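# Survey of secondary and tertiary structure
Next come the chains, spelled out residue by residue.
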Amino acid sequence: MLDANLYSELGLDDIRARIETGKRLSIEDGERLFACPNVLAVGALAHQVRRGMHGDAAYYVVNQHINYSNLCVNGCRFCAFGRKKGDPLAFELSLEDILNKVRARSDDPITEVHMVGGCHPTLPFGFYEEALRGIKALRPELRIKAFTAVEIAHFATLEGIPTRQVLERLKDAGLDMLPGGGAEVFSPRIRSLLCPEKLSGEGWLDIVREAHELGIRTNATMLYGHMETERERLEHLDGLRRLQDETGGLVCFIPLPFQPANTGIRDVRPTTGVEDLKTMAVSRLMLDNVPHIKAYWVMLTVKLAQVALYFGADDFDGTVVEEKIGHMAGAESEQALTRSELERVIREGGFRPVERDCFFDEVGRGGNDKTAVLTTKGTKSAKE
Ligand code: V47
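Residues numbered from 1 in each chain as written. Predicted model: local features only at pLDDT ≥ 70, side-chain atom pairs only at ≥ 80, totals over all residues. Heavy atoms only, no water.

The strands making up a sheet associate through hydrogen bonds between their backbones, and the pairing can be parallel or antiparallel. Read from one edge to the other, the open sheet built from three strands follows the order β9-β1-β10, with strand pairing classed as parallel. Each edge of the open sheet is held by one strand with a lone partner, namely β9 (315-318) and β10 (352-355). The sheet shows a mean angle of 25° between the axes of neighbouring strands, direction not considered. Pairing geometry for strand β1 (residues 57-61) and β10, over four bridges, is parallel. (Pairing = 2+ DSSP bridges. Helix = DSSP H or I, 4+ residues; strand = E, 2+ residues; numbered from the N terminus. Axes fitted to C-alpha atoms, helices over the stretch in contact; angles between N-to-C directions.)

So, on to the nonpolar core. Side chains of a nonpolar character, in soluble globular proteins, are inclined to be buried together. Membership of the largest hydrophobic core comes to 127 residues, with the highest contact counts inside it found for Met115, Phe147, Leu170, Trp204 and Phe316. For Trp204, the residues in contact, after removing those within four places along its chain, are Ala149, Val150, Gly180, Gly181, Gly182, Ala183, Phe186, Leu199, Asn219, Ala220 and Leu240. (Core = buried A, V, L, I, M, F, W, Y, C linked by side-chain atoms within 4.5 Å. Buried < 20%, exposed > 50% of the residue type's maximum accessible area, 1.4 Å probe, protein only. Contact = heavy atoms within 4.5 Å.)

This brings us to the site of the ligand. Lining the immediate environment of the ligand, one finds 24 residues, of which Lys145, Gly180, Gly182, Glu184 and Gln259 sit closest. Measuring from a nitrogen atom of the ligand, one finds a backbone N or O atom of Gln259 at 2.8 Å. When the ligand is considered free in solution it has 610 Å² of accessible area, and contact with the protein chains removes 95% of it. Elements that contribute at least two residues to the shell around the ligand include exactly β6 (217-224) and β7 (250-257). Split by residue class, the shell around the ligand holds 12 nonpolar, eight polar and four charged. (Near = heavy atom within 4 Å. Polar contact = N/O pair within 3.5 Å; in protein donor to acceptor, adjacent residues only side chain to side chain. Areas by Shrake-Rupley, 256 points an atom, 1.4 Å probe, with all protein chains shown as cover. Nonpolar A, V, L, I, M, F, W, Y, C, P; charged D, E, K, R; others polar.)

Taken over all residues, the pLDDT of the protein chain has a mean of 93, while the share at 70 or more is 95%. Across residues 367-384, where pLDDT falls below 50, the model places 42 contacts with residues more than four positions away in sequence or in other chains. (pLDDT = per-residue confidence, 0-100.)

With that settled, the discussion passes to the packing of helix α7 (residues 149-159) against helix α10 (residues 201-213). Between α7 and α10, whose axes approach to 9 Å, the crossing angle comes to 90°. By the angle between their directions, the pair α7 and α10 is classed as roughly perpendicular. Contacts between α7 and α10 involve Ala149, Val150, Ile152 and Ala153 from the first element and Trp204, Ile207 and Val208 from the second. For the contact of α7 with α10, the residue count by class is seven nonpolar, no polar and no charged. (Parallel < 35°, antiparallel > 145°, perpendicular 65-115°, else oblique.)

Bringing the packing of aromatic side chains into the picture now. Tallied over the full model, the rule gives 12 aromatic pairs. An angle of 70° between the planes, with centres 6.0 Å apart, marks the rings of Tyr68 and Phe147 as edge-to-face. Pair noted here: Tyr68 is in the loop between β2 (63-67) and α5 (95-104) and Phe147 is in the loop between β4 (143-146) and α7, with a separation of 79 residues, a long-range link. Here Tyr68 matches Phe147 in class, with each residue buried. Residues Phe81 and Phe91 carry aromatic rings whose centres are separated by 6.2 Å and whose planes lie at 70° to one another, so their mutual orientation is edge-to-face. With Phe81 in the loop between β2 and α5 and Phe91 in the loop between β2 and α5, this pair connects stretches of sequence that are 10 residues apart. Take Phe81 and Phe91: they sit in the same class, and that class is buried. (Phe/Tyr/Trp six-rings, centres within 6.5 Å; stacked < 30°, edge-to-face > 60°.)

Bringing the side chain of Ser187 into the picture now. Here Ser187 lies in the loop between β5 (177-178) and α9 (188-194). Exposure remark for Ser187: the relative accessible area of 10% places this residue in the buried category. Here Ile190 takes part through its backbone nitrogen, which lies 3.1 Å from a polar atom of the side chain of Ser187.

Structure, rendered in structure tokens:
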């Protein structure tokens, strides 16, 4: 039970009452939460909501990240991953390289492949279809979460076909879900400063809406801690909330603290722990219609992600292995966590670790690490 006196003293009693009665918060409410000096009080509100939705469960996934290339036509200033052709740090995997990465982990109990790249200048659309088909042929039980809305728009432009057709063809080739990247903050002011070449915020929302209409669920991110105002963060959250009211297709929201090293943004200090925790909590409270909030340990560090489970987050993401986007920008976290490390961090945080697939269907393992069986919505996923 929340201490009503504390929230009265903080001038937040009306917000506490709205949260306790399940009423939606306004953008102005969000501004007052950001302005509150007591991060624990804000966190306690988010924790109450999180516990009401998920109890003591904290989710994680055994997954594999694959970046097919970092060649990118966009040149976003916040990104240390994207490179132009000829750059010594540019890379490009062949189809066989991608499949070899999957083969190399064929004994691991992975349930999700998370595959993204930059907006590659020339790769033909057939490459992406073949990559999905090839991965599914190797491991049909895997869920493939691949290609952000920004990549979808780029494929459509290169191929000269509508984005809906791109999504339909990728789904036909084995795409299960879109990851949440590329959303950054929707504010046109920020996009013109940081990523003028990139798909607009409206464009991102339109493609994600289209994906949802085709039955492809997605995640959504917010990149914060650069040049955006708190109001712009809240408008971003409100944009996602309105999309979710329409479609219900958002599975998980991921706030990403900006990592400044090796990027084109100077004079920005890394976010602080309090800022990260408050942003996590406010995200949980604003996004009343999005089921899951991820503490992405790659960007937050494992230690802060563990604490974030008390600030509205219910998901820890996954084993990852070979992360490039955050680490090329100076992320100080590990490259990978094992399943038992993830479970230990969650358990020592006071939560019950629950392994999930990309849709948050629970994964049961009949005593055998290599045998994954989805237990909630009945989809069998045993490794043959
Ligand atoms: O879209 C780029 C961000 C995102 C930096 O859907 C940066 O489950 C911090 O979207 N500092 C890609 N962030 C990562 C992503 C993601 C990660 C984990 C899980 C899921 C999911 C999605 O990384 C990009 C961009 O917003 N990013 N540069 C940087 N310097």
